[in-house]
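# Close look at the chain arrangement
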Amino acid sequence: MLYTLIGNSSTPFAICQCAWFPWKLHNRASSSQVASHSRAAAAAAANSFMDSLTELAAVGGENLPAKYIHPDGINGGKDPFLLPFIDIPVIDVGHFTTPSTDTGKELEKLRAALSSYGCLLIINHGVESLLLDKVRTVFKQFLALPKEQKLECWTEGFQGYGSDPLVTDVMVHDWSHRLRLITCPEEMRQMKYWPENPKNFKEVLHEYSTKLQVLHDVMLKAMAKSLKLDESVFLRMIGEPVIMSARFNFYPPCPRPDQVLGLKPHSDGTVITFLLQDKEVEGLQVLKDGQWFRVPVIPDALVLNAGEHLEILSNGEFKSLYHRGMVDSERERVSLAVLSLSNPQSGVEPIEELVNEERPSLYRKVIYEETTHFDYYKSGRTLIDDARV
Ligand SMILES: O=C(O)CCC(=O)C(=O)O
Ligand SMILES: [Fe+2]
């Protein structure tokens, strides 16, 4: 893969120059890895992944594998589930789909939430409670399948069931697994990684992602209007077709939730993320003004996170959310993040209308690749740290 260093000499960062088209049609990471791995090595990797599943589910408090332990604890040695809840703003999407006398007020609430929290809860979003339940259920049914069946979706690449690629032995491992599938545009779907079982998995994910595609456009238009801009400006900037992927997260229980993390602190390498939380088990925590907060479980609401691309596009008017995934001591937890990405060909930079003499461009143009997020995740830095001028 060809990388170019951009940025100033003290904070250079890598951008990948792979053509857009191959990334679009192939799971590039997995195809290159298939080429460089023997079948035996791939089988060994698959087995070790499955062993780690067993390991995660079966270990007791005293013999947790060291690779999962954060030596300083998660919350300075205190129970992270005693942190306060965040008073996350709640936005009624109905005011954007059917304009009312309160639409202006709701737009202002949206702007304020994205500029001070980087996240909000959305209700009245057009996805029925029944479909939300089905989405959670099909993933749990997939997780309950025998190992051999789950292995059919296993991958070392970006799409499929496994752990995130580029996880090295020097970093603390996450207490989680994920099933990641590109959902839009449909030509980018790699159906070989979409579970055959349960039988309705594909249909349910298709229906959910179709609804979220509509919601995505509604929310990006509302965000543009909240900044008094042309409603299509964000959509134009991220380019056609909008790329969306679904990331199902599975967090097995862990006897020491004060020492392990399901997902390390990160901001999403996305425009926006819609997060469907577990219906009962809490686990999302967010950083606001330097302090960690718990996010309450509200079964039918979706959490909307601002991603790094949105922060750059909005020239810092909106803040990307820094967050982490916790694990419960007794219960499994699942979540589903549906992420939208900007077209890598066009790159991400502040929109012209938000750059002026009083507020010069705060970020340089970033060409964002599939690996970029994981490179940053691995290093503990964020794209925003490096993109800031
Ligand atoms: O499970 C959660 O609540 C967080 C998931 C998340 O942050 C992600 O998938 O990027
Ligand atoms: Fe995230």
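As shown above, the structure is provided for reference.
Now for a quick tour of the structure. (Residues numbered from 1 in each chain as written. Chains lettered and ligands numbered in written order. Predicted model: local features only at pLDDT ≥ 70, side-chain atom pairs only at ≥ 80, totals over all residues. Heavy atoms only, no water.)

For the rest of this paragraph, the subject is the nonpolar core. Buried together is how nonpolar side chains tend to be arranged in soluble globular proteins. Formed by 76 residues in total, the largest nonpolar core has its most connected members in I122, Y208, M219, M223, F234 and F274. Apart from residues no more than four positions distant in its own chain, M219 is found in contact with V93, F96, L110, I122, I272, F274 and L304. Grouped together as the second largest cluster of nonpolar side chains are 15 residues, Y117, L275, F293 and A337 included. (Core = buried A, V, L, I, M, F, W, Y, C linked by side-chain atoms within 4.5 Å. Buried < 20%, exposed > 50% of the residue type's maximum accessible area, 1.4 Å probe, protein only. Contact = heavy atoms within 4.5 Å.)

Around the iron ion (ligand 2), the donor atoms from the protein are H266 (NE2), D268 (OD) and H323 (NE2), and they sit 2.1 to 2.2 Å away. Each donor residue of the iron ion (ligand 2) lies on one chain, and together they are spaced H-x1-D-x54-H. In this pair, the class of H266 matches that of D268, namely buried. (Donors = N, O, S within 2.8 Å, 3.2 Å for Na, K, Ca; no water.)

Position of T183 among the secondary structure elements: in strand β6 (residues 177-184). Residue classification places T183 among the buried positions, given a relative accessible area of 1%. Sequence-distant contacts of T183, defined by excluding residues within four places in its chain, comprise R189, W194, L205, S209, M244, S245 and A246. (Helix = DSSP H or I, 4+ residues; strand = E, 2+ residues; numbered from the N terminus.)

With that settled, consider helix α6 (residues 129-143). The end-to-end C-alpha separation of α6 is 22 Å, in line with the 21 Å expected for 15 residues at 1.5 Å each. Burial in α6 covers these residues: L131, L132, V135, R136, V138, F139, F142 and L143. All buried residues of α6 project into a common sector of 160° when viewed along the axis, lining one side. (Expected span 1.5 Å × (residues − 1). Arc of directions from axis to C-beta.)

The strand order across the open sheet formed by 8 strands is β3-β4-β12-β9-β14-β7-β6-β5, and the pairing between neighbours is mixed. The open sheet has two free edges, formed respectively by β3 (90-92) and β5 (160-162), since each of these has just one partner strand. In this sheet, neighbouring strand axes are inclined to one another by 25° on average, regardless of whether the strands run parallel or antiparallel. Relative to strand β14 (residues 333-341), strand β7 (residues 243-251) runs antiparallel, the two sharing 9 bridges. The residue bridging M244 from the neighbouring strand is S340, located in β14. Strand contacts of helix α5 (residues 103-116): β3, β4 (119-123) and β12 (302-306), with the helix running at about 145° to β3, the strand carrying the most contacts. Across the sheet, helix α8 (residues 201-226) touches β4, β6, β7, β9 (272-276), β12 and β14, and the angle it forms with β9 is around 135°. (Pairing = 2+ DSSP bridges. Axes fitted to C-alpha atoms, helices over the stretch in contact; angles between N-to-C directions.)

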